Amino acid sequence: MTERHLQPLLHDLVGAVHAPTSALGDAAGQIRPVGVQGVFHADARVLSRAELRVDDREPEGLARGAAGPHGVRFVTLARWLGDPTPDPTVRIDRTRRLEPGGLTEELRVVSTAATPVRATVSVRLACDLAPIEVVKSGGATPALPARTGGPGELTWTADGTVVTVTGTEAEVRAEPAEAPRLAWPVELAPGDEVTLRWRLRVTDPRAAVVSPPAEVGWAHPRVDADDRRLVRLLDRALDDLRGLRLADAAAPADEFLGAGVPWFLTLFGRDSLWAARMMLPLGTDLAAGTLRVLARRQGTRVDPATGEAPGKILHELRRHEVAFAGAGLRLPPAYYGTVDATMLWVNLLHDAWRWGLAADQVEPLLPPLEAALGWLGEHADADGDGLIEYVDTTGHGLSNQGWKDSGDAVRFRDGRLATAPIVLAEVQGYAYQAAVNAADLLDAFGRPGADRWRGYADRLARRFRAAFWVDGRHGPQPALALDRDKRPVDSLTSNIGHLLGTGLLTGDEEAQVARLLGTEAMAGGFGLRTMSSDDAGFSPLSYHCGSIWTHDTAIVLAGLARAGFHDTALGLADGLLAAAEAFDYRLPELYGGDDRSVLGRPVPYPAACRPQAWSAAGAVLLLQAAAGLYPDVPAGRVTVAPLAGLGGIAAEGLRIAGAPVAVTVDRAGHATVTGLPSSLTIETPTGPAVPAQRSAGAPVPH
């Protein structure tokens, strides 16, 4: 029988992160040498074991909770110690806090026993420095030998990486037949307690990403809402986003968001761009850093082995080639196999400009913008049919290069797989929007070419309208894609929701897309299904053919809200908030697309990243949709169109053009905006412009 390489499950593990370092352990706080448990740093597992023992017995887990943005606290019991009563009298609180390049743990042992307690507390350790792709593929790597050093110190070394664990006042025990460990003899008088500490430090000169040296640059708004789930979700998300901040080792001043724990804690073009775009209501610094980091690695040559082409934006950055056993994937350290990141880069630059990114930050990015347009015009349409397609020519890259990048993601209604080259629906929308947005930027900064790109957008819209619309179960619908023979891949998927707001669709077409997205087959779970439950390829625990992705649902509901389809948007928002409650307000990358009635709560996807950048940033996008703030700082206006129906919401500390802005939306959906710079006026979709200086304390016309 052929051995199957199974990706380890991680849905029930407890994580903490301070990028590029993260830790995953079980519900009691143990880090065991199995599966994906461990402490990871920049694509390597630097601790594969950290098991707490008291007199060589494991404490029993009782509870856990967050300990700040980068930590977690576990409450455990040693019931065999202390008084012989039903009540536990010896408790160990284990607090794990992540730091850049390491972590600290405090073990607080408390006795309420009536007699003295004597015990030995120990932590068993191991390090295998397994590459993240080996762990993800279910592979095993033997533990490295440990060396003893100074007092309470253990060290592991391989390939230039040095891992050091130090226990304050601990004994080091490293017998050949047992795992190395730190040990503390403890004696507690009645009512006494002691705190034991150990620390992990990693020296890794080959890491491609590092922790940013500066403090968080985005705002942390104060939010109050009738639906308290929104407040809890936003607070948890902002803490997680703090932990996911990264910088390029070659230019640490520019920060971006790593995609997710544990598999993708590095630079990902698409993920980092979408997350920064969602975060614009909190300021433009993250967007600017993300744009600059990716611009520095923009493609300059045609290289089929890496997918690079002039002007193309990077997909993924690693320290070395990544090979996934059993999956046929072998990706170079800098991999460009993405069809959409280049357009998303253009759209982020445009949106950041509209939120108030200063001209002196925009102007240096105009040459990369023009290079990106060069890729769009010269390399994105390989067969010259006016549409953007992709194909992996190497045989070991990603076979699908949109955001749904699993090998079976593009399926016909009857379940058949589409054959590449593939022309994805949402990519045409991104390209249309990028062309129009780039034209606006070129005009605003006095650079040539705007008319060319507006013409490009017009032709693309006509071509899309002729090629993509098909008859579906619920009426006309855009196909998911076109296959190699330009046949419409006629499954109904969430991809079409990304077309909302791009300008590619007419008003009537947007209304039909909204109706499709609101059907029970698409919206009957806790958010938006990636594929309709009516399609043959649907599976609620498929990665891209029936599951629900947090960021996907957030993007689509935001598009629905802005376009005025509030009922459908509210249904998706309620699904996200219900899922957030079920996942302790740390929404995972994705979860099952089962009907709400199956369990009354979402089914976890067992290998989903958590925390994950664009999932966490989706909370900010939901807040923006609720507040209805849509600025165009260069044009001197802010459109205000709240998502009525979420109840009352008040948010202070949002940022437009660098200024702190507050918005209050009452239960009827009427908004009051304060704090806008006087150069901006307020508009509503149906009302007149109002000078910003008159808006303080006054409701926006409705």
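Please read all numbers here as calculations on a predicted model, not as lab measurements.

*Asks:* Would you mind going over the overall build of the protein chain with me for this structure?
*Replies:* Scanning the protein chain from terminus to terminus reveals 14 helices and 38 strands. Since a compact globule built from 702 residues should have a radius of gyration of about 27 Å, the 26 Å found for the protein chain is in line with a globular shape. The dimensions of the protein chain, computed from C-alpha atoms along their principal axes, are 80 × 60 × 50 Å. By the burial criterion, 60% of the 702 residues in the protein chain qualify as buried. Once local pairs closer than 6 in sequence are excluded, the contacts in the protein chain between residues at least 24 apart make up 62%. For the protein chain, the exposed area adds up to about 25,500 Å²; of that, 50% sits on carbon and sulfur atoms.

*Asks:* Quick question: what am I supposed to make of the pairing of strand E19 (residues 245–248) here?
*Replies:* In regular strands, side chains alternate between the two faces of the sheet. Burial of E19 is two-sided: the residues Arg245 and Ala247 facing one way and the residues Leu246 and Asp248 facing the other way are all buried. Strand direction decides the pairing type here: strand E17 (residues 209–210) and E19, joined by two bridges, are antiparallel. Across the sheet, the residue bridging to Val210 is Ala247, located in E19. The sheet contact formed by E19 and strand E20 (residues 251–257) spans four bridges and is antiparallel. The residue of E20 that forms the bridge with Ala247 is Glu255. Following E19, the chain reverses through two residues before pairing antiparallel with E20.

*Asks:* Teacher, can you tell me more about the side chain of Thr550 here?
*Replies:* Here Thr550 lies in helix H12 (residues 550–563). Ignoring sequence-local partners within four residues, the contact set of Thr550 consists of Leu576, Leu587, Pro588, Glu589, Tyr591 and Ser615.

*Asks:* Help me understand unusual backbone geometry, please; the structure alone is not making it clear to me.
*Replies:* A negative phi holds for most residues other than glycine; trans holds for most peptide bonds. Cis geometry is adopted by the peptide bond preceding Pro421, which originates at Ala420 and carries an omega value of 5°. Among the secondary structure elements, Pro421 is positioned in the loop between helix H7 (366–378) and strand E25 (423–424). Residue Pro611 follows Arg610 across a cis peptide bond; omega there is 5°. Of note, Ala42 is a non-glycine position whose phi angle comes to about 45°, a positive value. In this structure, Ala42 sits in the loop between strand E3 (38–41) and strand E4 (44–47). On the basis of relative accessible area, Ala42 is assigned to the buried category, the value being 6%.

*Asks:* Explain the sheet that holds strand E28 (residues 481–482) here, please?
*Replies:* Picture the strands of a sheet paired through backbone hydrogen bonds; they go either parallel or antiparallel. Strand order in the open sheet made by the three strands is E25-E28-E29, with antiparallel pairing throughout. The sheet is open, and its two edges are formed by E25 and strand E29 (488–489), each paired on a single side. Two strands pair when backbone bridges link them, and E25 and E28 are joined in this way by two bridges, in the antiparallel orientation. Of the residues in E28, the one forming a bridge with Val423 is Leu482.

*Asks:* In this structure, what is going on with the pattern of salt bridges? I would like to understand it.
*Replies:* Inspection of every chain in the model, using the stated rule, returns 58 salt bridges. The residue Arg454 makes a salt bridge to Asp443 at a minimum N-O spacing of 3.0 Å. Here the residue Arg454 occupies a position in helix H9 (residues 450–468), and Asp443 occupies one in helix H8 (residues 425–444), the gap between them amounting to eleven residues. Residue classification places Asp443 among the partly exposed positions, given a relative accessible area of 46%. It is possible to trace a salt-bridge network through shared partners that takes in Asp26, Arg32, Arg49, Glu51, Arg53 and Glu58.

*Asks:* Is there a simple way to think about helix H10 (residues 507–517) in this case?
*Replies:* In an α-helix, one full turn covers 3.6 residues, which means residues spaced three or four apart are oriented alike. In terms of residue burial, H10 counts as a mostly covered element, since eight of its eleven residues are buried. For H10, every residue scored as buried is listed here: Glu509, Glu510, Ala511, Gln512, Val513, Ala514, Leu516 and Leu517. The secondary structure elements touched by the buried residues of H10 are H9, strand E26 (469–472), strand E27 (475–478), helix H11 (520–523), H12 and helix H13 (566–582).

*Asks:* Where do I start with the pairing of E26 in this structure?
*Replies:* In E26, alternate side chains face the same way, and those of Val470 and Gly472 are buried while those of Trp469 and Asp471 on the opposite face are not. Relative to E27, E26 is paired through four bridges, and the arrangement is antiparallel. Residue Trp469 lies in a different strand from E27, and its bridge partner there is Pro478. Hairpin connection, E26 to E27: the antiparallel pair is bridged by two residues.

*Asks:* Would you explain the packing of helix H3 (residues 269–278) against helix H5 (residues 341–355) in this entry?
*Replies:* Helix packing for two helices is described by the angle between their axes and how far apart those axes are. Viewed as axis vectors pointing N to C, H3 and H5 meet at an angle of 20°, and their least axial separation amounts to 9 Å. Judged by the inter-axis angle, H3 sits roughly parallel to H5. In this structure, H3 meets H5 at a crossing whose hand is left-handed. Between H3 and H5, the contacting residues are Gly269, Arg270, Leu273, Trp274, Ala276 and Arg277 on the first element and Ala341, Leu344, Trp345, Asn347, Leu348 and Asp351 on the second. Across the contact of H3 with H5, the residue classes tally to seven nonpolar, two polar and three charged.

*Asks:* Whenever I open this one, the state of the cysteines confuses me. Can you help?
*Replies:* Counting across every chain of the model gives zero disulfides. Looking at Cys545, it has no disulfide partner, and the nearest cysteine sulfur is the one in Cys609, 18 Å off. Taking relative accessible area as the criterion, Cys545 reaches 1% and is therefore assigned buried. Residue class for Cys609 comes out buried when judged on its relative accessible area of 0%.

*Asks:* Quick question: what am I supposed to make of the packing of H8 against H9 here?
*Replies:* Put simply, H8 and H9 touch, their axes get as near as 8 Å, and they point 160° apart. When the interaxial angle is binned, H8 and H9 end up roughly antiparallel. The interaxial crossing formed by H8 with H9 has left-handed handedness. On the side of H8, the interface is formed by Ala425, Gln428, Ala431, Tyr432, Ala435, Val436, Ala439, Asp440, Leu442 and Asp443, while H9 contributes Ala450, Trp453, Arg454, Tyr456, Ala457, Asp458, Leu460, Ala461, Phe464 and Phe468. Its residues assigned to classes, the contact of H8 with H9 shows 15 nonpolar, one polar and four charged.

*Asks:* Before we go on, may I ask you to explain the sheet that holds E19 in this structure?
*Replies:* Read across the open sheet, the three strands follow the order E17-E19-E20; overall the sheet is antiparallel. In this open sheet, the two strands that pair with only one neighbour each are E17 and E20.

So, how was this worked out
Residues numbered from 1 in each chain as written. Predicted model: local features only at pLDDT ≥ 70, side-chain atom pairs only at ≥ 80, totals over all residues. Heavy atoms only, no water. Helix = DSSP H or I, 4+ residues; strand = E, 2+ residues; numbered from the N terminus. Rg over C-alpha atoms; globule rule 2.2 N^0.38 Å. Buried < 20%, exposed > 50% of the residue type's maximum accessible area, 1.4 Å probe, protein only. Contact = heavy atoms within 4.5 Å. Areas by Shrake-Rupley, 256 points an atom, 1.4 Å probe, with all protein chains shown as cover. Pairing = 2+ DSSP bridges. Salt bridge = Lys/Arg side-chain N within 4 Å of Asp/Glu carboxyl O. Axes fitted to C-alpha atoms, helices over the stretch in contact; angles between N-to-C directions. Parallel < 35°, antiparallel > 145°, perpendicular 65-115°, else oblique. Left-handed = near helix turned anticlockwise from the far one by under 90°. Nonpolar A, V, L, I, M, F, W, Y, C, P; charged D, E, K, R; others polar. Disulfide = S-S within 2.5 Å.

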